[in-house]
Amino acid sequence: MPAGMKPLEKFLKKQTTALTRAGGFVGGVADKASGGSGASRRRASLSRVVPFFRETSPESGQAREVFSPDSEDPPSWPSAAGTGLVPVPSSANGSGSGDVRSPSLSSDEQSSEASLITESSGGSGGGGTPIHADTPDNLTLIMLDSVAGKRYGHCTETLLDDFMLTHPIFLAADRFQQVLLQQFSLETEEGGREGEAGGERREVRGGGGGDGEMDGGLDGVERKQAVLNVVFRYLDTYRELLQEEGERSNSFPKELYLCAVQELSRYPELVEDVLKLQRWTEILHCPSEEEKESRKKQVRPLFRHFRRIDACLQPREAFRGSDEIFCRVYTPDHSYVTIRSRLSCRVGEILALVKEKLQYSEDQPVLPGNLILVAVTSAGEKAVFRPSDEAVFTTLGVNTHLFACEPSELDSLLPLPEEIHWTPGDSKLHDMSAEEVANQLVVFDWELFSCVHEVEFVCYVFHGEQSRWRPLNLELVLQRCSEVQHWVATEILQCQSLPKRIQLLRKFIKIAALCKQQQDLLSFLAVVLGLDNPAVSRLRLTWEGLPGKFRKQFQQFESVADPSRNHKSYRDLITSLRPPLIPFTPLLLKDLTFLHESCKTFHGDLVNFEKMHKVAEMVRIIRRYRSSQLAMDTETSPSHLQTKAYVRQLQVIDNQNLLFDMSCKLEPKDT
């Protein structure tokens, strides 16, 4: 784990400077430049927004021994002939239980409160999955048998969903598709013997564990229908991501379709499925008219780039790697070029575009390796990207900018002047009602949260940089969380008048209450954490001027953010809510991360499928949060549009040192 990271518990209890210090930023992006591996190579934005990647107790500060994925000791899984369940291995604290608890909790908290992961394991899966540890290929065959109704009929839907959500963790998509094609063509090679041997037992090829034997043979049509049903579920789950890959992914349904057409004469029962498969190949190859029109739209800006009112007022749509964006890349003298780039392009391609803009190739030829791409934060911290890094735009901090320079110029890079100087003044927030601002926060958060594909959560935690599908939209949600926190502190600290600061405090507490009432826990906790920023919480005169009713209300909000007993207050709150709701996304990722790192995914060639079940359970919880639609506000009055534009283009200061200096000027330490 990157050294210097602070646990999320401490981060939630009192906002510190971790968001802008090197322990947060450089621990993420710089590790990429240094070629780190494992968890240190995780995508950078999570380590900035949620600096918890160190298994230490926030109280004791001692490193806690955790069951490591790289440990040589095998987990104590039962044999296939044993109980039938494969429990998630307990952590190395010797508790012996099958639940997974956050390693960042103190021992008394662990004994008093189980984690969300344990609580969720008794959900739709009936408390577990009946699948033994087995090889990836055999798990695919077991799933096919379950879909065909030959085994595990009582939990087929859960098993299928578990497999679809988690198979990228243990089975590459290309291999998964290959196995499905082989199984569909299996009876073609065996001819009519399959039907004759229908009552005989067969063994799964390459079996591992005790699940090798079938509970009865599948005839040709059963096998093929099972394969097609699994394929339909796969295409439906990954539709948007497969469309993004184009021909690479479309070749699989095409090949399967051609095989299925050839089988129609022997198996006329497949005609409906074949027609459905044909429609899927057309969908993946030729997007609908709406999707075509969407892709014809103008290049879309990311956060903070080109603050155009017309752009920020448009509803947010999911970003894909092939989407083109505008981005400014600065030079050491703070001049910049504007490039038009794919969101997923490599750093080397970005530098080539910059060179072309600067006309280096004509006036001042430079070898390809002579330019580097650097991210510079408002605090002056630098992180150098490797030429092979991809999709770096969404990993940037709130006020982090890209610079292109020669290696010798790296030390001379400075933040932009507007990032290190501030101008006192009245906030626009004084002229807006708390209700309007809260409504716009909720609507925008819902748009961002709805854009996140559920598989992005799995890819983010389990694959990081190596993920086949980049968690671009999830990273933007994390950016927003950090942005709202710094917005709260910025607005209060820029206000010179004490009475007006007190009014802003009241307004932010009211905004937090309204966000909580509308079940937007992302902005609710972000506002609470912003008010708990050390630069704001030290303003004694400002807080003393706050009416007692508001101070009591804020104390109640702080209790929700209390990390004790594994965030029990927050978990109790979110359990009591019904969809639609917007969760505090960093805490979801924390739970997934500790589930991942507390037990092995593989032991030898065998997959711990009970762990996969628990991961899928967490994804289903996220799915439930979005199971119904949020009522969107369609008002178009001038004041409404002004508030909407303001909320979607927040001007913030994310330099913690600068915020603290501003705080000391408002209320010096000796007052």
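Student: Mind showing me how you'd approach the overall build of the protein here?
Tutor: Secondary structure assignment for the protein yields 32 helices and 7 strands. The proportion of buried residues among the 671 residues of the protein is 57%. Sequence separation of 24 or more characterises 74% of the internal contacts of the protein that already satisfy a separation of 6 or more. Roughly 27200 Å² of accessible area belongs to the protein as shown, and the carbon and sulfur atoms make up 49% of that amount.

Student: Which parts of the structure should I look at to understand the pairing of strand 5 (residues 401–405)?
Tutor: Every other side chain in a regular strand lies on the same face of the sheet, so the side chains alternate between the two faces. Among the 5 residues of strand 5, 5 are classified as buried, and the element is accordingly described as predominantly covered. Neither face of strand 5 is exposed, since H401, F403 and C405 on one face and L402 and A404 on the opposite face are all buried. Judged from the 2 bridges that link them, strand 1 (residues 324–330) and strand 5 form a sheet pairing that is parallel. Paired with Y330 across the two strands is F403, which belongs to strand 5. Across 5 bridges, strand 3 (residues 372–376) lies against strand 5 in antiparallel orientation. Paired with V376 across the strands is H401, a residue of strand 5.

Student: Explain the pairing of strand 3 here, please?
Tutor: In terms of residue burial, strand 3 counts as a mostly covered element, since 5 of its 5 residues are buried. The side-chain alternation of strand 3 yields two buried faces, one formed by I372, V374 and V376 and the other by L373 and A375. Across 3 bridges, strand 3 lies against strand 4 (residues 382–384) in antiparallel orientation. By the bridge assignment for strand 4, V376 is matched with K382. Hairpin connection from strand 3 to strand 4: 5 residues lie between these consecutive antiparallel strands, with G380 at a positive phi of about 90°.

Student: Whenever I open this one, the environment of Y336 confuses me. Can you help?
Tutor: Summarising the element assignment, Y336 is placed in strand 2 (residues 336–342). C-alpha separation for the pair Y336 and K357, spaced 21 residues apart in sequence, amounts to 9.8 Å. In contact with Y336, not counting residues within four places along its chain, are R328, V329 and Y330.

Student: Even after reading the chapter, I still don't get the sheet that holds strand 3, so can you show me in this structure?
Tutor: Adjacent strands of a sheet form backbone hydrogen bonds with each other and so pair up, either parallel or antiparallel. Taken in spatial order, the 5 strands line up as 2-1-5-3-4 in an open sheet, and their pairing is mixed. Pairing within the sheet leaves two strands with one partner each, and these edge strands are strand 2 and strand 4. Between one strand axis and the next, the sheet turns through 40° on average, direction left out of account. Its contacts with the sheet put helix 17 (residues 347–358) on strand 1, strand 2, strand 3 and strand 5, and the angle it makes with strand 2 is roughly 135°.

Student: Help me understand the side chain of N138 in this model?
Tutor: With respect to the helices, strands and loops of the structure, N138 is situated in helix 6 (residues 136–147). Only 3.2 Å separates the side chain of N138 from the side chain of D134, close enough to count as a polar contact.

Student: In this structure, what is going on with the nonpolar core? I would like to understand it.
Tutor: Counting 135 residues, the largest nonpolar core has W487 and L531 as the members making the most contacts within it. Among the elements that take part in this core, helix 22 (residues 472–493) stands out by supplying 10 residues, more than any other.

Student: Could you clarify how one ought to interpret the packing of aromatic side chains in this entry?
Tutor: In this description, a pair of aromatic rings is defined by centroid distance and the angle of the planes. Summed over the entire model, instances satisfying the criterion amount to 14 aromatic pairs. Centre to centre, the rings of Y330 and F403 are 5.7 Å apart; their planes meet at 35°, and the pair counts as tilted. Placement of the pair is Y330 in strand 1 and F403 in strand 5, with a sequence separation of 73 residues. Put simply, the rings of F163, F170, F176, Y234, Y238, F252, W469 and F609 pair up and form one aromatic cluster. Above the plane of the ring of F184 lies K224, whose end atom (NZ or CZ) is 4.5 Å from the centre.

Student: Would you explain the environment of K357 in this entry?
Tutor: When you line up the elements, K357 lands in helix 17. Measuring from C-alpha to C-alpha, the distance between K357 and T338 comes to 8.2 Å, with 19 residues separating the pair along the chain. What K357 contacts, discounting residues up to four positions off in sequence, is V337, T338 and I339.

Student: What should I look at first to understand the pattern of salt bridges in this one?
Tutor: Charged atoms that come close allow side chains of opposite charge to pair. Summed over all chains, the structure comprises 24 salt bridges. Residue R623 pairs with D161 through a salt bridge whose shortest N-O separation is 3.1 Å. Of this pair, R623 sits in helix 30 (residues 609–625) while D161 sits in helix 7 (residues 156–170), and the two are 462 residues apart along the sequence. D161 gets classed as buried once you look at its relative accessible area, which sits at 5%. Between K224 and E263 there is a salt bridge, with its nearest N and O atoms 3.8 Å apart.

Student: Would you take a moment to explain helix 17 for this structure?
Tutor: It helps to recall that an α-helix has 3.6 residues per turn; residues three or four apart then point in one direction. For helix 17, which comprises 12 residues, the first-to-last C-alpha distance of 16 Å matches the rise-based estimate of 16 Å (1.5 Å per residue) to within 8%. Buried within helix 17 are the following residues: V347, I350, L351, V354 and K355. Seen from one end, helix 17 has its buried residues packed into an arc of 140°, which puts them on one side. Q359 occupies a position one or two residues after helix 17 and carries a positive phi of about 60°.

Student: Would you mind going over the packing of helix 8 (residues 173–184) against helix 13 (residues 247–263) with me for this structure?
Tutor: Two measures define how a pair of helices packs: the angle their axes make with one another and the distance between the axes. Interaxial distance between helix 8 and helix 13 falls to 11 Å at its minimum, and their mutual angle equals 5°. When the axis of helix 8 is compared with that of helix 13, the two are roughly parallel. Here D174, Q177, L180, L181 and F184 of helix 8 lie close against helix 13, whose contacting residues are R248, F252, E255, L256, C259, A260 and E263. A breakdown of the residues in the contact of helix 8 with helix 13 according to their chemical character gives 7 nonpolar, 1 polar and 4 charged.

Student: I tried to follow helix 32 (residues 656–666) on my own but got confused; where do I start?
Tutor: Looking at helix 32, one finds that the buried residues are Q656, L658, L659, M662, S663, C664 and L666. In this fold, the buried residues of helix 32 make contact with helix 19 (417–420), helix 22, helix 23 (498–517) and helix 25 (534–537). The backbone nitrogen of N657 has a side-chain oxygen 3.1 Å away, supplied by the residue at the start of helix 32, namely N655.

Student: Would you take a moment to explain the confidence of the model for the protein for this structure?
Tutor: Close inspection of predicted coordinates is inappropriate for parts of the model with low pLDDT. Confidence in the prediction of the protein, expressed as mean pLDDT, is 76, and 69% of residues score 70 or more. Taken element by element, the protein is modelled with least confidence in helix 2 (residues 26–34), mean pLDDT 36, and with most confidence in helix 24 (residues 521–531), mean pLDDT 98. Below a pLDDT of 50 lies the segment residues 1–126, which in the model reaches 309 contacts outside its immediate sequence neighbourhood of four places, other chains included.

Student: How do you make sense of the packing of helix 28 (residues 564–575) against helix 29 (residues 585–598) when you look at a structure like this?
Tutor: Interaxial distance between helix 28 and helix 29 falls to 13 Å at its minimum, and their mutual angle equals 135°. It follows from the interaxial angle that helix 28 and helix 29 lie oblique. Judged by the twist between their axes, the crossing of helix 28 over helix 29 is left-handed. Residues N566, H567, Y570 and R571 of helix 28 form the contact with helix 29, whose participating residues are L587, K590 and D591. Residue composition of the contact of helix 28 with helix 29, grouped by class: 2 nonpolar, 2 polar and 3 charged.

Calculation criteria
- Residues numbered from 1 in each chain as written.
- Predicted model: local features only at pLDDT ≥ 70, side-chain atom pairs only at ≥ 80, totals over all residues.
- Heavy atoms only, no water.
- Helix = DSSP H or I, 4+ residues; strand = E, 2+ residues; numbered from the N terminus.
- Buried < 20%, exposed > 50% of the residue type's maximum accessible area, 1.4 Å probe, protein only.
- Contact = heavy atoms within 4.5 Å.
- Areas by Shrake-Rupley, 256 points an atom, 1.4 Å probe, with all protein chains shown as cover.
- Pairing = 2+ DSSP bridges.
- Axes fitted to C-alpha atoms, helices over the stretch in contact; angles between N-to-C directions.
- Polar contact = N/O pair within 3.5 Å; in protein donor to acceptor, adjacent residues only side chain to side chain.
- Core = buried A, V, L, I, M, F, W, Y, C linked by side-chain atoms within 4.5 Å.
- Phe/Tyr/Trp six-rings, centres within 6.5 Å; stacked < 30°, edge-to-face > 60°.
- Lys NZ or Arg CZ within 6 Å of the ring centre and 35° of its normal.
- Salt bridge = Lys/Arg side-chain N within 4 Å of Asp/Glu carboxyl O.
- Expected span 1.5 Å × (residues − 1).
- Arc of directions from axis to C-beta.
- Parallel < 35°, antiparallel > 145°, perpendicular 65-115°, else oblique.
- Nonpolar A, V, L, I, M, F, W, Y, C, P; charged D, E, K, R; others polar.
- pLDDT = per-residue confidence, 0-100.
- Left-handed = near helix turned anticlockwise from the far one by under 90°.

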